[in-house]
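Spelled out from the first residue to the last, the chains are:
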Amino acid sequence: MKINLKPRYLVSTFFSTCLAGLSLATWAQDVPVDRATFPKFERENYIYEVKSEKWKGPKLSDGQPDVQGQWSNTISNHNNLVNPQGGGGGGGGGNRSADQKRAPSRVIDPEDGQVPFQPWARELQKDYAAHLLNPIKPEYIEPLARCAPAGPSKSFMWHGYEIRQFPGYVLFLFDSGSRIIHLDKKPHLPENIKLWNGDSRGHWEGNTLVVDVTNNNSKSRFGRNGEFASENAHIAEKFIFDNNRERFTYQATYTDPTVYTRPWTLAIPNRRVEKFAEDGWNNQLGVAKYDPQYEQDKNNKRASNELLLEPYEQICTENNGGFGGGAVKRTANNTPAP
């Protein structure tokens, strides 16, 4: 079996934008890898919890636990925060379905699985949700439909992503932007500088990356049901990695007394995707390097013979229906409505 795949780094953003109309096959090369033998990435209907403990796995030169690689959340996409495997938009609070086969709310505190909005904020959230597919005002437009970053927490619900580590830093490469976590004890940015993914300062405690996030610009949402925070939000995050480096639990506690009645916490389970078949969502990895000797020698673990996987380069176009449901209402023949 031969497949055509294009790794992200082979084409610059400039050229991919200019030549977006060309077929991927123009750039790809045949790679003789039978990806059908890779297991399928199955979404789960529970939150796999990893406990904080001493790190027993390999470390990098600066002492960081080595957690580099390709990851994805295991439940669903960003459609719905509190009913992850339900739909998004259409109004309401996004309550979880009574169907117990679905994953629980990503909100783990409070126990009812709902964001504890103040009354005015709940009404605004419902208004956002009701107008998702008919955004008659700019504020109704799903930010991802405008090619904007997804925000500190929503980024972990939107396709797979990569973790890279450098001395004093952890770097996240998302489909919708990037995020740097500083480990060098630098102070936070001045309060007047606001960022889509906030300003992150962290440190390691055993197997847990503890991160303090400030300077949010409040423009991102948590999903397509309109849950939001203000630029006053303070986020306390924990990335809790298991020692076999196959899974981690992301937890974030939001404190924002201008919007919520109390602090609340969400949780997102994640796992590695390198060993799974490409599926266009959780796993978008293509073959970047293939040594023909790999299949024969993979069980011998010869370092010179390897299969290197990289994500596709993504091109976002505003009003792309696949990104955000579409920001412009269209007629039956797919032309903009008057």
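About the cut-offs
Residues numbered from 1 in each chain as written. Predicted model: local features only at pLDDT ≥ 70, side-chain atom pairs only at ≥ 80, totals over all residues. Heavy atoms only, no water. Helix = DSSP H or I, 4+ residues; strand = E, 2+ residues; numbered from the N terminus. Contact = heavy atoms within 4.5 Å. Areas by Shrake-Rupley, 256 points an atom, 1.4 Å probe, with all protein chains shown as cover. Polar contact = N/O pair within 3.5 Å; in protein donor to acceptor, adjacent residues only side chain to side chain. Buried < 20%, exposed > 50% of the residue type's maximum accessible area, 1.4 Å probe, protein only. Pairing = 2+ DSSP bridges. pLDDT = per-residue confidence, 0-100.

Across its full length, the chain carries 5 helices and 14 strands. Excluding contacts between residues fewer than 6 apart, the proportion of contacts in the chain whose partners are at least 24 apart in sequence is 64%. Only carbon and sulfur atoms are counted for the fraction: they give 52% of the accessible area of the chain, which is about 16400 Å².

Tracing the backbone through its elements, the reader meets N215 in the loop between strand 9 (208–214) and strand 10 (234–241). Among the polar contacts made by the side chain of N215, one reaches the main-chain carbonyl oxygen of P190 at a distance of 2.8 Å. Looking at N215, its side chain comes within polar contact range of the main-chain oxygen of I193, at 2.8 Å.

With that settled, the discussion passes to the pairing of strand 14 (residues 307–311). The buried fraction of strand 14 amounts to 4 of the 5 residues, a majority that puts the element mostly inside the structure. Where strand 13 (residues 285–290) meets strand 14, 5 bridges bridge the pair, whose relative direction is antiparallel. Within strand 14, the residue paired with K289 across the bridge is L308.

Next up on the list: the confidence of the model for the chain. Predicted confidence across the chain gives a mean pLDDT of 81, with 75% of residues reaching 70 or more. Scored below 50 in pLDDT, residues 1–30 shows 51 contacts in the model against residues more than four places distant or in partner chains. Note on residues 326–338: pLDDT under 50 across the span, and 19 contacts to partners over four residues away in sequence or across chains.

Take the pairing of strand 9 next. Within strand 9, 6 of the 7 residues are buried, which leaves the element mostly enclosed by the surrounding structure. Across 7 bridges, strand 8 (residues 199–205) lies against strand 9 in antiparallel orientation. Counterpart to D199 in the pairing with strand 9 is T214. Inspection of the sheet shows strand 9 paired to strand 10 by 6 bridges, in the antiparallel sense. Counterpart to V213 in the pairing with strand 10 is I235.

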